[in-house]
Amino acid sequence: PYCFSFRVDNTPPTFTVLEPTLEGVSACPSQPIKILFDDLSGIDPISILMVVQGNLYDIDSDELELLGDTLVFTPAEPFDEDLVNYTLVSVADGVGNLIGESPLTSWFWVDLTSPEVLATYPEDGEALPGGIDCISVFVYDDLTDIDLTTASFKITYAAPETVTYEFTYDDSVIYYDD
């Protein structure tokens with residue numbers, strides 16, 4: 001007897017955004033957009049259409065490439081510090097199963113400005129007559145929260161000899177470890 005098998009595939013691809021975080025923030029002006037596809041029949045590259053900042057891209061665009069099962073958009077010019085909107089308009093698998101209407105619309109912020117130190121106590125360069133009871137640093141960022149785990153402080157004591165103390169952040173406390 002003659003035997004053969006076949007598979008019926010009527011399921012469109014699924015996807016996961018790898019980067020940037022959906023509705024997140026990136027400090028990278030050339031932040032790529034990476035989308036991982038999952039489909040037994042593979043992805044039809046010709047079916048891919050993507051809009052980024054109002055511009056339409058297809059697989060023949062220099063900015064868009066399919067690397068295995070991952071779609072990568074890399075901007076030709078760095079993004080400005082602003083909101084970046086993008087939409088995956090169309091994608092189908094190797095047998096033509098199309099993901100529904102505009103399967104992905106999202107955005108992310110490009111934040112290229114460092115947090116700003118608004119005030120300190122004591123003020124920069126101030127000479128104090130005695131010991132230090134309190135040190136305050138007021139930091140502000142327009143777009144994001146401040147990640148205190150990246151904060152570090154140096155205090156240099158200059159009399160009678162120069163001594164530098166380094167402080168780090170741990171579990172909501174700034175501490176000195178000698």
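Our subject is the structure listed above.
Residues numbered from 1 in each chain as written. Predicted model: local features only at pLDDT ≥ 70, side-chain atom pairs only at ≥ 80, totals over all residues. Heavy atoms only, no water.

**Thoughts on the pattern of salt bridges**
Then step 1. Under the definition given, this model contains 2 salt bridges.
Then step 2. In this structure, Arg7 engages Asp9 in a salt bridge whose closest nitrogen and oxygen atoms are separated by 3.5 Å.
Then step 3. Look at Asp9 and you get buried, because its relative accessible area is 17%. (Salt bridge = Lys/Arg side-chain N within 4 Å of Asp/Glu carboxyl O. Buried < 20%, exposed > 50% of the residue type's maximum accessible area, 1.4 Å probe, protein only.)

**Digging into the side chain of Thr70**
Then step 1. Structurally, Thr70 is set in strand E7 (residues 70-73).
Then step 2. Among the polar contacts listed, one links the side chain of Thr70 to the side chain of Asp69, at a separation of 3.4 Å.
Then step 3. When sequence neighbours within four positions are dropped, the list of residues in contact with Thr70 reads Leu18, Lys34, Ile35, Leu36 and Glu65. (Helix = DSSP H or I, 4+ residues; strand = E, 2+ residues; numbered from the N terminus. Polar contact = N/O pair within 3.5 Å; in protein donor to acceptor, adjacent residues only side chain to side chain. Contact = heavy atoms within 4.5 Å.)

**Let's talk about the sheet that holds strand E2 (residues 25-26)**
Then step 1. Ordered by their spatial adjacency, 5 strands build an open sheet running E2-E9-E8-E4-E5, and the pairing between neighbours is mixed. The open sheet is flanked by E2 and strand E5 (55-58), the only strands paired with a single partner.
Then step 2. Two elements, E2 and strand E9 (residues 104-110), share 2 bridges in a ladder whose sense is parallel. The residue of E9 that forms the bridge with Ser26 is Val110. (Pairing = 2+ DSSP bridges.)

**Considerations on the environment of Ser114**
Then step 1. Note that Ser114 resides in the loop between E9 and strand E10 (116-121).
Then step 2. Given the relative accessible area of 55%, Ser114 is considered exposed.
Then step 3. Between the C-alpha atom of Ser114 and that of Thr144, which follows or precedes it by 30 residues, the distance is 10.0 Å.

**Here we look at the nonpolar core**
Then step 1. Ile33, Ile35, Met50, Val52, Leu71, Phe73 and Tyr86 are the most contacted members of the largest nonpolar core, which has 22 residues in total.
Then step 2. Ignoring any residue separated from it by four or fewer positions in sequence, one finds Ile35 in contact with Phe15, Thr16, Val17, Leu18, Met50, Asp69, Thr70, Leu71, Leu88 and Leu104. (Core = buried A, V, L, I, M, F, W, Y, C linked by side-chain atoms within 4.5 Å.)

**So, the side chain of Ser106**
Then step 1. Summarising the element assignment, Ser106 is placed in strand E9.
Then step 2. When near neighbours in sequence (up to four residues on either side) are disregarded, Ser106 contacts Leu22, Glu23, Val84, Asn85 and Tyr86.

**As for the environment of Tyr140**
Then step 1. The residue Tyr140 is located in strand E11 (residues 136-140) in this model.
Then step 2. Each C-alpha atom of the pair Tyr140 and Ser114 lies 9.2 Å from the other, and the pair is 26 residues apart in sequence.
Then step 3. In this structure, Tyr140 is in contact with Pro115, Glu116, Leu118 and Ile146, ignoring residues within four places of it in sequence.

**Quick notes on the pairing of E5**
Looking along a regular strand, one sees side chains alternate from face to face of the sheet.
Then step 1. Of the pairings in the sheet, the one linking strand E4 (residues 43-52) to E5 comprises 4 bridges and is antiparallel in character. Bridge pairing links Met50 to Tyr57 in E5.
Then step 2. Linking two consecutive strands that pair antiparallel, namely E4 and E5, is a turn of 2 residues; a positive phi of about 50 degrees is found at Gln53 within it.

**Quick look at the pairing of E9**
Then step 1. Alternating residues of E9 divide into Leu104, Ser106, Phe108 and Val110, all buried, and Thr105, Trp107 and Trp109, none buried.
Then step 2. Pairing geometry for strand E8 (residues 83-93) and E9, over 6 bridges, is antiparallel. Residue pairing in the sheet places Leu88 in a bridge with Leu104 of E9.

**Describing the environment of Val8**
Then step 1. Looking at the element boundaries, Val8 is found in the segment before strand E1 (14-19).
Then step 2. The sequence separation of Val8 and Val95 amounts to 87 residues, and the corresponding C-alpha distance is 9.6 Å.

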